[in-house]
Amino acid sequence: MTNDAPRSRGFFAPHRQVFGPAVLRRLRASFYELTAGSSQDATSERELRAMARGEGSDTLRLRQRWFDVWRTPSPDLLEMVRPFTWVIFPPQVRHVSSTSHFVPWHQDTAYISLLGPLRHTRIVTCHIPLDDEPARRSTLQFTRAPQSELTHQPRDGFAAGLDIAPEDVVHFELSLGDCLFFGDHAVHRTYTPPGALIDRRSLEFRLIDPEDSIANKDYFDIELGTFRRRDGPMPEKLPL
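Residues numbered from 1 in each chain as written. Predicted model: local features only at pLDDT ≥ 70, side-chain atom pairs only at ≥ 80, totals over all residues. Heavy atoms only, no water.

## A short note on the side chain of Arg-65
Next up, step 1: As for its placement among the helices and strands, Arg-65 is situated in the loop between helix 3 (58-61) and helix 4 (75-81).
Next up, step 2: Here Arg-65 is buried and forms no salt bridge, its nearest opposite-charge partner Glu-33 lying at an N-O distance of 4.5 Å.
Next up, step 3: In contact with Arg-65, other than residues within four places in its own chain, are Leu-27, Ser-30, Glu-33, Leu-34 and Leu-240. (Helix = DSSP H or I, 4+ residues; strand = E, 2+ residues; numbered from the N terminus. Buried < 20%, exposed > 50% of the residue type's maximum accessible area, 1.4 Å probe, protein only. Lys, Arg positive; Asp, Glu negative; His and termini not counted. Salt bridge = Lys/Arg side-chain N within 4 Å of Asp/Glu carboxyl O. Contact = heavy atoms within 4.5 Å.)

So, in C-alpha cells, the structure goes:
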C-alpha cells in the first residue's frame, strides 16, 4: 500500500479491506438504531440545515462508537494514514437518500476555510461506506484535473461548491471494508453510477498531523487508541 498523502494535497485513492467488515456492520446497526429514535432530533437551525443535506444531527455524531474502526489499526492502515494519525472529533455520519443530499464539486479546503481563522492548515479525508455492497450505491466521484486551491461559491444548497464540468472523472467500485482516502485539494462530488441506488450510509473522518492540532479540541489518536487533546487526555467522557 502506497502512502501518497505527504506528497500531494490533491491525491485520491481507494484502499482495500483496511477496516473490519464485522465492525462496520455493527456500526451500521447502530446507525439504524439511533436514527430511528430521538438522535435525529435537531436542536438548532444549523442542525436542521445539515440534516437537510443528509448529514447526521449533533446527537448522532457526538458518539465515541464511530471511532471503533480506528481502535485496532492494521499495519496497512497505519501506513496509509501516517503522518495524519489524529482524527478530528466528531466525524460526519451521513445518510444520502435523495439527490438533494448530493454535495456538488468541491475541495474540502473550502469547508475548512468556513471555520474561520482557528482551523487546521491541512487535512486528509477517509470515506468509509457502511453498506454491504457499496459498489451498488452512490459514492464519490473525482476529477483528475490539475489541482490547487480553487475559489468556491455557495451552490445547490451547500455552503461551498465549484461551477465546473470536468471531463476526466473517475469513481471506484468499493466493497465493505474498503475506503476512499484523499487530500483536501482533491476535487470531488457525490455521484450515483448508472444502475446504482442513491441510498447510502457512510462515515467520513478528517485526519490531521498532530503538530497541526488545536488547543481544547477533541481528537482520536490512532496510534495510542484513545481520545485526547493536544495538551493531554480529554476531560469529559463522550457518550457511547
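Still more ground to cover, so stick around.
## Some details on the sheet that holds strand 8 (residues 169-170)
Next up, step 1: In spatial order, the strands read 8-5-10; together these 3 strands make up an open sheet with antiparallel pairing. Looking along the sheet, the strands with just one partner apiece sit at the ends: strand 8 and strand 10 (188-191).
Next up, step 2: Sheet topology note: the strand 5 (residues 139-143)/strand 10 ladder contains 4 bridges and is antiparallel. From the neighbouring strand, Leu-140 faces strand 10, where its bridge partner is Thr-190. (Pairing = 2+ DSSP bridges.)

## Quick notes on the environment of Asp-41
Next up, step 1: Along the chain, Asp-41 falls in the loop between helix 1 (21-35) and helix 2 (45-52).
Next up, step 2: By relative accessible area, which is 45% here, Asp-41 ends up partly exposed.
Next up, step 3: With 15 residues separating them along the chain, Asp-41 and Gly-56 place their C-alpha atoms 9.7 Å apart.
Next up, step 4: Aside from chain neighbours lying at most four places away, what touches Asp-41 is Glu-47 and Ser-57.

## Focus on the environment of Pro-166
Next up, step 1: Mapping Pro-166 onto the fold places it in the loop between strand 7 (158-161) and strand 8.
Next up, step 2: Spatially, the C-alpha atom of Pro-166 lies 9.3 Å from that of Phe-142, the residues being 24 residues apart in sequence.

## Looking at unusual backbone geometry
Next up, step 1: Cis geometry marks the peptide bond from Arg-82 to Pro-83, where omega comes out at 5°.
Next up, step 2: By the secondary structure assignment, Pro-83 is in the loop between helix 4 and strand 2 (86-88).
Next up, step 3: Phe-89 connects to Pro-90 through a cis peptide bond whose omega is 0°.
Next up, step 4: By the element assignment, Pro-90 lies in the loop between strand 2 and strand 3 (92-96).
Next up, step 5: The phi dihedral of Asn-216 is positive, around 65°, even though this residue is not glycine.

## Topic: the pattern of salt bridges
Next up, step 1: Within the structure shown, the criterion is met by 20 salt bridges.
Next up, step 2: Close ionic contact of Glu-55 with Arg-53 constitutes a salt bridge, the shortest N to O distance being 3.1 Å.
Next up, step 3: Assessed through its relative accessible area of 13%, Glu-55 is described here as buried.
Next up, step 4: A salt bridge links Arg-201 to Asp-199, with the shortest nitrogen-to-oxygen separation between them at 3.2 Å.
Next up, step 5: Judged by relative accessible area, Asp-199 falls into the partly exposed class, the value being 25%.
Next up, step 6: One network of salt bridges, in which partners are shared, links Arg-53, Glu-55, Arg-94, Arg-200 and Glu-204.

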